[in-house]
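# Structural overview
Chain residues, written in single-letter form:
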Amino acid sequence: MSRHETLQARADALNADYRYHSAIAVLARALHDPDVGQLALVSSFGAESVVLLHMVALARRDTPVIFLETGMLFTETLIYQQELAERLGLRDMRVIRPDTAEIKARDSTGQLNQSDPDACCALRKTVPLARALSGFEGWITGRKRYQGAARADLEFFEVEEPNGEHAGRLKVNPLAHWQPGDARTYIEENRLPRHPLVAQGYPSIGCMPCTSPVQDGEDERAGRWKGQDKTECGIHLVDGKFVKQGESA
């Protein structure tokens, strides 16, 4: 049996075992389950990130938390990250930045996002994340089924396809079955601080040049790469290839 088949069998067994668990129960058990292995939480410290960060703080405060500081984030995001990490008492906060030499060679003017946004995301997010996740058996994401066709069949546990950077690992999606509004309810019930840009019309927050406010009635991710045929930053791609909405992930 190949490593991919072994991982898939592992994910299938975990999904069967956790099928009727709540998000917090899935996360708490996954962080202590030897069948899952060493996990890291990858967080953008964006609009709804506080939900999983709070759950991790409750379940296992020393869980490694990876924050991708792309060099193009809003100042509000950087301040929010520092304040939230301190407030929640996160014990293993890892701020990851793109390689300085690679930035100088490929995006010295900081305008790659305008000519080739996919390449910019790869340079500033996908490649640094792959390096940061080296050695981990899996990672935790905040993706949800309702966020788009490519995520419609999302399970609590899935297998990330192998590529040149790694031999495959598990993804844990505790919020897979959450519905629109569940995150806001959780934040309000637990009196958690929201990202300051949410009140300014930013329900989904990424890098400053590629994020804009969303109008009433628009999809929550309508402000990401507005006007471009792009819906994902590249972190959740298959074999390093960009997967657009509606395609199989």
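The following paragraphs examine the structure supplied in this document. The shown structure was predicted, so the numbers you read here are calculated from the model rather than taken from an experiment. (Residues numbered from 1 in each chain as written. Predicted model: local features only at pLDDT ≥ 70, side-chain atom pairs only at ≥ 80, totals over all residues. Heavy atoms only, no water.)

### Here's the deal with the overall build of the chain
A tally of helices and strands in the chain yields eight helices and six strands. Listed by position from the N terminus, the elements making up the chain come as α-α-β-α-β-α-β-α-α-α-β-β-β-α. Across the 249 residues in the chain, those meeting the buried criterion constitute 48%. A separation of at least 24 residues holds for 67% of the contacts in the chain among residues at least 6 apart in sequence. Only carbon and sulfur atoms are counted for the fraction: they give 47% of the accessible area of the chain, which is about 12,200 Å². (Helix = DSSP H or I, 4+ residues; strand = E, 2+ residues; numbered from the N terminus. Buried < 20%, exposed > 50% of the residue type's maximum accessible area, 1.4 Å probe, protein only. Contact = heavy atoms within 4.5 Å. Areas by Shrake-Rupley, 256 points an atom, 1.4 Å probe, with all protein chains shown as cover.)

### Topic: the sheet that holds strand β5 (residues 157-160)
In spatial order, the strands read β3-β2-β1-β4-β6-β5; together these six strands make up an open sheet with mixed pairing. Two strands in the sheet have a free side with no partner beyond their single neighbour: β3 (93-96) and β5. With direction set aside, neighbouring strand axes in the sheet form an average angle of 30°. Pairing between strand β2 (residues 65-68) and β3: four bridges, direction parallel. Bridging across to β3, L68 finds its partner in I96. The strands touched by helix α3 (residues 49-59) are β1 (39-43), β2 and β4 (138-140); relative to β1, the strand with the most contacts, the crossing angle is about 150°. Against the sheet, helix α7 (residues 117-132) contacts β1, β2, β3 and β4, and its axis sits at roughly 155° relative to β2. (Pairing = 2+ DSSP bridges. Axes fitted to C-alpha atoms, helices over the stretch in contact; angles between N-to-C directions.)

### A few points about the state of the cysteines
What the rule picks out here adds up to zero disulfides. No disulfide involves C207; its sulfur sits 6.5 Å from that of C210, the nearest cysteine. Residue classification places C207 among the buried residues on the basis of a relative accessible area of 11%. (Disulfide = S-S within 2.5 Å.)

### Some remarks on the side chain of R169
With respect to the helices, strands and loops of the structure, R169 is situated in strand β6 (residues 169-172). By relative accessible area, which is 5% here, R169 ends up buried. In this view, R169 contacts L7, L133, S134, F136, E137, G138, W139, E158, V159 and E160; residues no more than four positions away in its chain are not counted.

### As for the layout of surface pockets
In this model, the second largest pocket occupies a volume close to 300 Å³. Around the second largest pocket, the lining is made up of 14 residues, and of these E48, R184, R194, P203 and E220 lie nearest the centre. A class-by-class count of the residues in the lining of the second largest pocket yields eight nonpolar, two polar and four charged. (1 Å grid on protein atoms, 1.4 Å probe; cavity = no way out; pocket = protein on both sides within 12 Å on 5 of 7 lines; lining within 4 Å. Points joined across faces, edges and corners; volume = space filled by probe spheres on them. Nonpolar A, V, L, I, M, F, W, Y, C, P; charged D, E, K, R; others polar.)

### Comments concerning the pairing of β2
Burial of the side chains of β2 extends over both faces: V65 and F67 are buried on one face and I66 and L68 on the other. When β1 meets β2, the two strands line up parallel, connected through three bridges. Bridge assignment links V42 to a residue of β2, and that residue is I66.

### As for the nonpolar core
Counting residues in each nonpolar core, the largest one holds 45 residues, and the members touching the most others are M55 and F157. Sorting elements by how many residues they give to this core places α3 first, with eight residues. Beyond its immediate sequence surroundings of up to four residues, M55 is in contact with A23, I24, L27, L175, W178 and Y186. Judged by nonpolar contacts, the second largest core, of nine residues, contains A40, L133, F136 and W139. (Core = buried A, V, L, I, M, F, W, Y, C linked by side-chain atoms within 4.5 Å.)

### Considering the packing of aromatic side chains
In this structure the tally under the stated criterion is four aromatic pairs. Look at F45 and F67: their rings are 5.3 Å apart centre to centre, the planes differ by 80°, and that puts the pair in the edge-to-face class. Taken together, the residues F45 in the loop between β1 and α3 and F67 in strand β2 connect sequence positions 22 residues apart. When its relative accessible area of 0% is taken as the criterion, F45 is described as buried. Residue classification places F67 among the buried positions, given a relative accessible area of 1%. Residue placement shows R29 over the ring face of Y18; its charged tip is 4.6 Å from the ring centre. (Phe/Tyr/Trp six-rings, centres within 6.5 Å; stacked < 30°, edge-to-face > 60°. Lys NZ or Arg CZ within 6 Å of the ring centre and 35° of its normal.)

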